[in-house]
Amino acid sequence: MHQKPGKLGRNGGGRGEAESEAVCDEARTARHETGSPGRDDLLARALAKANMEAAWKRVKSNGGSAGVDGLSIAETADYLKAHWPRIRESLFDGSYRPAPVRRVQIPKPGGGVRELGIPTVTDRLIQQALLQVLQPMIDRTFSEHSYGFRAAARTTRCSKHSATCRTATGWWSMWIWRSSSTGSI
């Protein structure tokens, strides 16, 4: 027989197995952690001037719409000239919170719509700066035959690899490549 609390809602009497001080079930933020030199070094590398300039060039070249703050790329450039020191400090102390994404509905070719979330230009800049530091470190841990969602791992490389494996493995690898390139897996 299942035990039920006397009242609806959480069992506030401390009679359950969970610790009584658990009030929030969200993960702890960076500012609550003990930290490590590795984390701080990665963040410093991501926020270094040269990396931020490269990230800005990438975000600017990608274009894109404004997020919930309504700031275009040009308006964000002016905004960051005045506010970047405060944003940078909040990133270092762990208090930075990305803005909510702007939801846009995009029509699908076959009918219906799909939702797209558009971050603010500032958040896209920070994401790009982090990507530029983390991706080279993480990418080298993948198999040389892993082609999904990776820089410089295009379907042409996958095609060449599959063709060389075809004689050894039969048609299986060609089926995988054709299916994944058409999105039917």
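Residues numbered from 1 in each chain as written. Predicted model: local features only at pLDDT ≥ 70, side-chain atom pairs only at ≥ 80, totals over all residues. Heavy atoms only, no water.

**So, the overall build of the protein**
The secondary structure content of the protein amounts to six helices and two strands. When its helices and strands are written in sequence order, the protein yields α-α-α-β-β-α-α-α. Residue pairs at least 24 apart in sequence account for 52% of intrachain contacts in the protein once pairs closer than 6 positions are excluded. Of the roughly 14,100 Å² of accessible surface on the protein, a fraction of 56% belongs to carbon and sulfur atoms. (Helix = DSSP H or I, 4+ residues; strand = E, 2+ residues; numbered from the N terminus. Contact = heavy atoms within 4.5 Å. Areas by Shrake-Rupley, 256 points an atom, 1.4 Å probe, with all protein chains shown as cover.)

**Some points on the packing of helix 2 (residues 49-62) against helix 4 (residues 121-139)**
Relative to each other, helix 2 and helix 4 sit at 120°, their axes nearing to 8 Å. What the angle tells us is that helix 2 and helix 4 run oblique. The way helix 2 lies across helix 4 gives a crossing that is right-handed. Counting all contacts with helix 2, which are made through Asn51, Met52, Ala54, Ala55, Trp56, Arg58 and Val59, the residues of helix 4 involved are Val121, Arg124, Leu125, Gln128, Ala129, Gln132 and Val133. Across the contact of helix 2 with helix 4, the residue classes break down as nine nonpolar, three polar and two charged. (Axes fitted to C-alpha atoms, helices over the stretch in contact; angles between N-to-C directions. Parallel < 35°, antiparallel > 145°, perpendicular 65-115°, else oblique. Left-handed = near helix turned anticlockwise from the far one by under 90°. Nonpolar A, V, L, I, M, F, W, Y, C, P; charged D, E, K, R; others polar.)

**Quick word on the pattern of salt bridges**
Evaluation of the coordinates by the stated rule reveals two salt bridges. With a shortest N-O distance of 3.9 Å, lysine 81 and aspartate 78 are connected by a salt bridge. Here lysine 81 pairs with aspartate 78, and both are found in helix 3 (residues 73-93), just three residues apart, close to one helical turn. Assessed through its relative accessible area of 68%, lysine 81 is described here as exposed. Its salt-bridge partner being glutamate 115, residue arginine 103 comes within 3.9 Å of it at the nearest N-O pair. Residue arginine 103 is found in strand 1 (residues 102-107), and its partner glutamate 115 is found in strand 2 (residues 113-118); the two are separated by twelve residues along the sequence. You'll find arginine 103 and glutamate 115 in the same group, each marked exposed. (Salt bridge = Lys/Arg side-chain N within 4 Å of Asp/Glu carboxyl O. Buried < 20%, exposed > 50% of the residue type's maximum accessible area, 1.4 Å probe, protein only.)

**Here's the deal with the side chain of threonine 120**
As for its position among the elements, threonine 120 is in the loop between strand 2 and helix 4. Excluding its chain neighbours within four sequence positions, the residues that come into contact with threonine 120 are Gly67, Val68, Asp69 and Ala99.

**Section: the nonpolar core**
The biggest cluster of nonpolar side chains holds 15 residues, and the ones touching the most others in it are Leu47, Met52, Trp84, Ile87, Leu91 and Leu125. Of all the secondary-structure elements, those providing two or more residues to this core are helix 2, helix 3 and helix 4. Residues contacting methionine 52, with those up to four places away along its chain left out, are Ala46, Leu47, Trp84, Leu125 and Ala129. (Core = buried A, V, L, I, M, F, W, Y, C linked by side-chain atoms within 4.5 Å.)

**Structural notes on the packing of helix 2 against helix 3**
With their axes 11 Å apart at the nearest point, helix 2 and helix 3 run at an angle of 160° to one another. Considering the angle they form, helix 2 stands roughly antiparallel to helix 3. The element helix 2 and its partner helix 3 pack so that their crossing is right-handed. Contacts from Met52, Trp56, Val59 and Lys60 in helix 2 reach Ile73, Thr76, Ala77, Leu80 and Trp84 in helix 3.

**Remarks on the pairing of strand 1**
For strand 1, the tally of buried residues reaches only zero of six residues, placing the bulk of the element at the surface. Bridge count for strand 1 against strand 2 is six bridges, and the pairing is antiparallel. Looking across to strand 2, one finds that glutamine 105 is bridged to glutamate 115. (Pairing = 2+ DSSP bridges.)

**Quick word on the confidence of the model for the protein**
In this model, the protein carries a mean pLDDT of 76, and residues with pLDDT of at least 70 account for 57%. Across residues 9-16, where pLDDT falls below 50, the model places six contacts with residues more than four positions away in sequence or in other chains. Scored below 50 in pLDDT, residues 171-179 makes 14 contacts in the model with residues more than four places away or belonging to other chains. (pLDDT = per-residue confidence, 0-100.)

**Description of the environment of aspartate 69**
Structurally, aspartate 69 can be placed in the loop between helix 2 and helix 3. Accessibility expressed as a relative area gives 36% for aspartate 69, which makes it partly exposed. Residues aspartate 69 and threonine 122 lie 53 residues apart in sequence; the distance between their C-alpha atoms is 9.7 Å. Within polar-contact distance, the side chain of aspartate 69 engages the backbone nitrogen of leucine 71 at 3.1 Å. (Polar contact = N/O pair within 3.5 Å; in protein donor to acceptor, adjacent residues only side chain to side chain.)

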